[in-house]
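The residues making up each chain are set out below.
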Amino acid sequence: MQGSGTLTAKKHMRALMLSVRRCLAVLRDVCNRTSSRIRRKLPFRPLCSLLFLVLAGAQLLHAWHPDTEGHITCDFANQWLHGRMAVEGRWRQMYIVEYQRQALAWGYQGKAFADMDRDILQKGMWGTSLGVEGPLYPPVAALFFAPLGALPPAWAHKLATLIYVLLALAGGWLLSRITERALPWQVAALFVLLFPNFPGSLSLGQNSPLTLFIVLGGWFFLVQGKDWAGGLLWGLLVYKPVFFVGLAWVPLLLGRWRFFASSIGMAAALCLATFPLGDIYPWQRWLFVVGPNAADIYTKDVNWIWMSRDLLGLPRRQLWNWEDFSRHVSYYFWLEPWDPAVLQKVQTDRVEIIGLRVEVPVQAIAWGLWGAALATTVLGYLACRLRSWMRAVPTDSQDLCHAFVLYGSMLTVYHFMHYDLLLLILPTALLLGRWRRFTPAVRWMLTVALAVLLYNTWDLAFGHYAVRLPVELFVFLALWVGAGWAAWNASAAPATGIQLSAGSHEQSSTNVGADGTVRFRSDARRVEA
């Protein structure tokens, strides 16, 4: 009797589980049908265009508001001062505090001048070295910032932010073409506005939208097969050397030698163009004084460490024990008030993990993480290519491999702040371009990641701001690992939904590489399976 009762209970449990599965299947079917009907009936693209205009206008009004004072920040004043020195023809005196102070006085007076002098020319509490200090940008960046230096700072800030909004719109168009219109340009442009941390970069007058436009433009030419043009555009990244170096090895890894050569040539030409203007002296000051001072401050300045989102700064935060980490999590979820004595500590010697002291310097751990990210990216990409080549069939893993490499390249950037997270929109868009090819589980995980990023965009602009747990970095680390895993799996499966020999149009729209991957041209059409 007891055995028969157990069997009856098992049968009831199986029946219950089967009923639950059927109910979930029906619910999922209803949700899919409802969402498809909503997409058909709602004017989705016009709504995105309207929302872009509203958000762009609101962000501009906020950036231009007198209380924001975006031009009275070291972020924008660094660029303006650099451009002002070029406008006044003081190339030979660049990075000399005395001459820069005179140029700074042209646009700033009173308390604003004192604040900018302290933050830019004296680097706060860290001071100057032999009267040499100033903007962290190299001399070649003055060529880019000269138009801003010709205007008063307030008007220069307004002009820069307006240009950056227009570049966001152009970036949306480029993202749409890069993903072969899988992302409509209206959606892609709105995506740029909502990505971390576009609102913050606009208010501060930071140039991350310009950097993003250069990166997207170069990648657009790369997927079009115009390597020389793309490399020339990427060569403009020399005005921000950390990103130029961090991305320079990407075309090398992809085997695009002409792209790499043209980018190096453009960067060298721009640098050489500054020699007739100021000789070698500005470069000597920047390379041997300003740059090393900045690198030293990166390792110990509390604000710079906590506002950064690079991999090297991760172990320098004191949060790798249960007490500190739990308090940071509580603060992030609004369960604890701000306490800089607890929530803004840094580690300069050894890292404490779960109550134990690791007898390894923080610098060694930081560079170990950097090396691991670089090695994993390079070896992972080569492994995917080798696997595709061994299968001897065209595979549809190129976008995933590119996303994996681009995420990895950003992890190897020496130092970047929260507003430079905007550059990670390119690999994220490559993943979104494959949305319909992902399984429902992958779509849900990607949706959660996007929801977290959207919340952090708001949190960076209006919530906790940048000095908090670097959640964005954790999300992008997860996306990097996920993109690599997906690329590895896709490299073993034949391409689906792609017509390779159905007619002359399809044959002219695709190009099967030696590694077995399918390279699409601008007029390629992807047919969903």
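Basis of the calculations
Residues numbered from 1 in each chain as written. Predicted model: local features only at pLDDT ≥ 70, side-chain atom pairs only at ≥ 80, totals over all residues. Heavy atoms only, no water. Helix = DSSP H or I, 4+ residues; strand = E, 2+ residues; numbered from the N terminus. Buried < 20%, exposed > 50% of the residue type's maximum accessible area, 1.4 Å probe, protein only. Contact = heavy atoms within 4.5 Å. Areas by Shrake-Rupley, 256 points an atom, 1.4 Å probe, with all protein chains shown as cover. Arc of directions from axis to C-beta. Phe/Tyr/Trp six-rings, centres within 6.5 Å; stacked < 30°, edge-to-face > 60°. Lys NZ or Arg CZ within 6 Å of the ring centre and 35° of its normal. Core = buried A, V, L, I, M, F, W, Y, C linked by side-chain atoms within 4.5 Å. Axes fitted to C-alpha atoms, helices over the stretch in contact; angles between N-to-C directions. Left-handed = near helix turned anticlockwise from the far one by under 90°. Nonpolar A, V, L, I, M, F, W, Y, C, P; charged D, E, K, R; others polar. Parallel < 35°, antiparallel > 145°, perpendicular 65-115°, else oblique. Salt bridge = Lys/Arg side-chain N within 4 Å of Asp/Glu carboxyl O. pLDDT = per-residue confidence, 0-100. Expected span 1.5 Å × (residues − 1).

### Things to note about the overall build of the protein chain
- If you tally the helices and strands in the protein chain, you get 24 helices and four strands.
- Split into buried and exposed, the 529 residues of the protein chain put 48% on the buried side.
- Long-range pairs, those at least 24 residues apart, make up 74% of the contacts in the protein chain between residues at least 6 apart in sequence.
- When the accessible surface of the protein chain is split by element, carbon and sulfur atoms take 67% of a total near 25,000 Å².

### Some words on helix 11 (residues 227–234)
- Listed in full, the buried residues belonging to helix 11 are Asp227, Gly230, Gly231 and Trp234. Angular distribution of buried residues about the axis of helix 11 spans 100 degrees; they occupy a single face of the element.
- Where helix 11 is buried, its residues contact helix 10 (208–223), helix 12 (241–254) and helix 13 (257–273).

### Section: the packing of aromatic side chains
- Considering all chains together, one arrives at 24 aromatic pairs under this definition.
- Summarising the aromatic geometry, the rings of Phe144 and Tyr239 are spaced 4.9 Å apart at their centres and angled 25 degrees between planes, so their arrangement reads as stacked. On the criterion of sequence distance, the pair formed by Phe144 in helix 6 (residues 142–149) and Tyr239 in the loop between helix 11 and helix 12 is long-range, its members being 95 residues apart.
- Taking the relative accessible area as the measure of exposure, Phe144 reaches 25% and is therefore partly exposed.
- Between Trp334 and Trp458 the ring centres are 6.3 Å apart and the planes differ by 50 degrees, which places this aromatic pair in the tilted class. A residue pair is termed long-range when its members are at least 10 positions apart, and Trp334 in the loop between helix 17 (322–332) and helix 18 (340–343) and Trp458 in helix 22 (residues 440–462) qualify at 124 residues.
- A relative accessible area of 49% places Trp334 in the partly exposed class.
- These aromatic residues form a ring-pair network of at least three members: Tyr298, Trp304, Trp367, Trp370 and Tyr414.
- The ring centre of Trp106 lies 3.7 Å from the NZ or CZ of Arg84, which sits over that ring.
- The cationic tip of Lys158 hangs over the ring face of Trp155; the distance from NZ or CZ to the ring centre is 5.6 Å.

### A short note on the nonpolar core
- Within the largest apolar cluster, 118 residues are counted, with the highest numbers of intra-cluster contacts made by Tyr108 and Trp219.
- Ranked by the residues each element gives to this core, the list is headed by helix 23 (residues 471–490), at 10 residues.
- Leave out the neighbours within four places in its chain, and Tyr108 touches His71, Ile72, Phe76, Ala77, Trp80, Phe113, Met116 and Pro153.

### Some details on the packing of helix 11 against helix 13
- As a packed pair, helix 11 and helix 13 sit with axes 7 Å apart at the nearest point and diverge in direction by 35 degrees. The handedness of the crossing between helix 11 and helix 13 comes out as right-handed. Only Arg258, Phe259, Ser262, Ser263 and Met266 of helix 13 make contact with helix 11, whose side of the interface consists of Asp227, Trp228, Gly230, Gly231, Leu232 and Trp234.
- Among the residues making up the contact of helix 11 with helix 13, the classes are represented as five nonpolar, four polar and two charged.

### Structural notes on the environment of Phe416
- Relative to the helices and strands, Phe416 is located in the loop between helix 20 (398–411) and helix 21 (425–432).
- Under the relative-accessibility criterion, Phe416 is labelled buried at 3%.
- Expressed as a C-alpha distance, the spacing of Phe416 and Trp304, which sit 112 residues apart in the sequence, is 9.5 Å.
- The contacts of Phe416, once residues within four sequence positions are left out, are Phe243, Ser308, Arg309, Asp310, Met410 and Leu421.

### Examining the environment of Leu374
- Inspection of the secondary structure assignment puts Leu374 in helix 19 (residues 362–391).
- For Leu374 and Thr412, which are 38 residues apart along the polypeptide, the C-alpha to C-alpha distance reads 6.4 Å.
- If near-sequence neighbours (up to four positions away) are discounted, Leu374 is found in contact with Trp249 and Thr412.

### Regarding the packing of helix 10 against helix 21
- Where helix 10 contacts helix 21, the axes come no closer than 10 Å and their chain directions differ by 45 degrees. Viewed along their axes, helix 10 and helix 21 adopt a mutual orientation that is oblique. Contacts from Leu212, Val215, Leu216 and Trp219 of helix 10 reach helix 21 at Ile425, Leu426 and Leu430.
- Classifying every residue of the contact of helix 10 with helix 21 gives seven nonpolar, no polar and no charged.

### A short note on unusual backbone geometry
- Here the bond from Pro196 into Asn197 is cis, since omega is -10 degrees, no more than 30 degrees from zero.
- Relative to the helices and strands, Asn197 is located in the loop between helix 8 (185–194) and helix 9 (198–204).
- Even without a glycine there, the phi angle at Arg181 is positive, about 65 degrees.
- Mapped onto the fold, Arg181 is located in the loop between helix 7 (153–178) and helix 8.
- Of note, Trp334 is a non-glycine position whose phi angle comes to about 65 degrees, a positive value.

### Brief notes about the pattern of salt bridges
- This structure, assessed with the given rule, holds 15 salt bridges.
- The salt bridge partner of Glu88 is Arg90, with a shortest N-O separation of 3.3 Å.
- With relative accessibility at 27%, the residue Glu88 sits in the partly exposed group.
- The partner of Asp420 in a salt bridge is Lys240, with the nearest N and O atoms 3.2 Å apart. Taken together, the residues Asp420 in the loop between helix 20 and helix 21 and Lys240 in the loop between helix 11 and helix 12 connect sequence positions 180 residues apart. We note that Asp420, like Lys240, is buried.

### Thoughts on the confidence of the model for the protein chain
- In this model, the protein chain carries an average pLDDT of 84, and 83% of its residues clear a pLDDT of 70 or more.
- Between residues 497–529, whose pLDDT stays under 50, and residues either more than four places distant or in other chains, the model counts 62 contacts.

### Describing the side chain of Gln100
- For Gln100, the position within the fold is in helix 4 (residues 97–107).
- Apart from residues lying up to four places away in sequence, Gln100 is in contact with Leu81, Met85, Tyr95, Leu121, Glu133, Gly134 and Pro135.

### Focus on helix 22
- The terminal C-alpha atoms of helix 22 lie 33 Å apart, and with 23 residues this matches the ideal 33 Å at 1.5 Å per residue to within 8%.
- Of all the positions in helix 22, only Leu446, Ala449, Leu453, Asn456, Thr457, Asp459, Leu460 and Ala461 are classed as buried.
- Its buried side turned inward, helix 22 meets helix 8, helix 9, helix 17, helix 21 and helix 23.

### Focus on the side chain of Asp227
- Considering the arrangement of structural elements, one finds Asp227 in helix 11.
- Judged by its relative accessible area of 6%, Asp227 falls in the buried class.
- With residues up to four places along the chain from it excluded, the contact list for Asp227 reads Phe221, Leu222, Arg256, Arg258, Phe259 and Ser262.

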